[in-house]
Amino acid sequence: MTSGTTSGLTRFNTSADGDAVAALHEVCSSSAWGSKLLAQRPFATAEALFLASDAAMAELTTEDLAEAMAGHPPIGRPKAGDPTSSREQSGMADSSAELKAEMLELNLAYQDKFGHVFLICATGKTGEQMRDAIRARIENSPEQEREIVRTELGKINRIRLTRLVETEEEN
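My aim in this report is to walk through the structure given alongside it, one point at a time. Quantities reported herein were computed from a predicted structural model and do not represent experimental measurements.

### What about unusual backbone geometry?
Inference 1: Omega for the peptide link from Arg41 to Pro42 comes to 0 degrees, which places this bond in the cis form.
Inference 2: Note on placement: Pro42 falls in the loop between helix H3 (31-39) and helix H4 (46-59).

So this is what it looks like as structure tokens:
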């Protein structure tokens, strides 16, 4: 159903600007990204929304990316009471205490090097896969890592936008 019009997409297209901004902020905390999508409503299809999201992500500045990353908790420490964060990081939930401790150590080293959280589209990944990714990516230059983060944010945004447009009206 992601290529056609859904009741969730219709609701997003017709919602008040303030409600649409709030929904977009739940997807991505970059105000520049949200503003670009808001300005393009209404979207004929979910695919049109996804393409607009990808284009907006490609245009984000370093500061915009930092704002977007600030909305994401470190891997292994989802936001308390946030079902989206917990769902996306579920691959770490059943990991061993040793793996969780190693991820904490790697997260701190990554943050020291790059100045922001390690960001990965964690949906469907195991704790080991996320650990292996952070181990590999910590060797990147800041420029390489910024572009990887942009790609990972784009993947996360698509997953979250899909949930937004496929969610039926709640009564």
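### Points about the packing of aromatic side chains
Inference 1: Per the stated rule, a full pass over the model turns up three aromatic pairs.
Inference 2: Measuring from centroid to centroid gives 4.6 Å for Tyr110 and Phe114, while their planes differ by 45 degrees, and the two rings are tilted. In this pair, Tyr110 and Phe114 are both assigned in helix H8 (residues 97-114), four residues apart and thus about one turn of the helix distant. Taken as a pair, Tyr110 and Phe114 share a single burial class, namely buried.
Inference 3: Summarising the aromatic geometry, the rings of Tyr110 and Phe118 are spaced 5.3 Å apart at their centres and angled 80 degrees between planes, so their arrangement reads as edge-to-face. For the pair formed by Tyr110 and Phe118, the shared burial category is buried.
Inference 4: One aromatic cluster is present, built from ring pairs that chain together Tyr110, Phe114 and Phe118.
Inference 5: Taking NZ or CZ as reference, Arg41 lies 5.6 Å from the ring centre of Phe12, over its face.

The rules behind each value
- Residues numbered from 1 in each chain as written.
- Predicted model: local features only at pLDDT ≥ 70, side-chain atom pairs only at ≥ 80, totals over all residues.
- Heavy atoms only, no water.
- Helix = DSSP H or I, 4+ residues; strand = E, 2+ residues; numbered from the N terminus.
- Phe/Tyr/Trp six-rings, centres within 6.5 Å; stacked < 30°, edge-to-face > 60°.
- Buried < 20%, exposed > 50% of the residue type's maximum accessible area, 1.4 Å probe, protein only.
- Lys NZ or Arg CZ within 6 Å of the ring centre and 35° of its normal.

Function-wise, these values are silent; they only describe arrangement.
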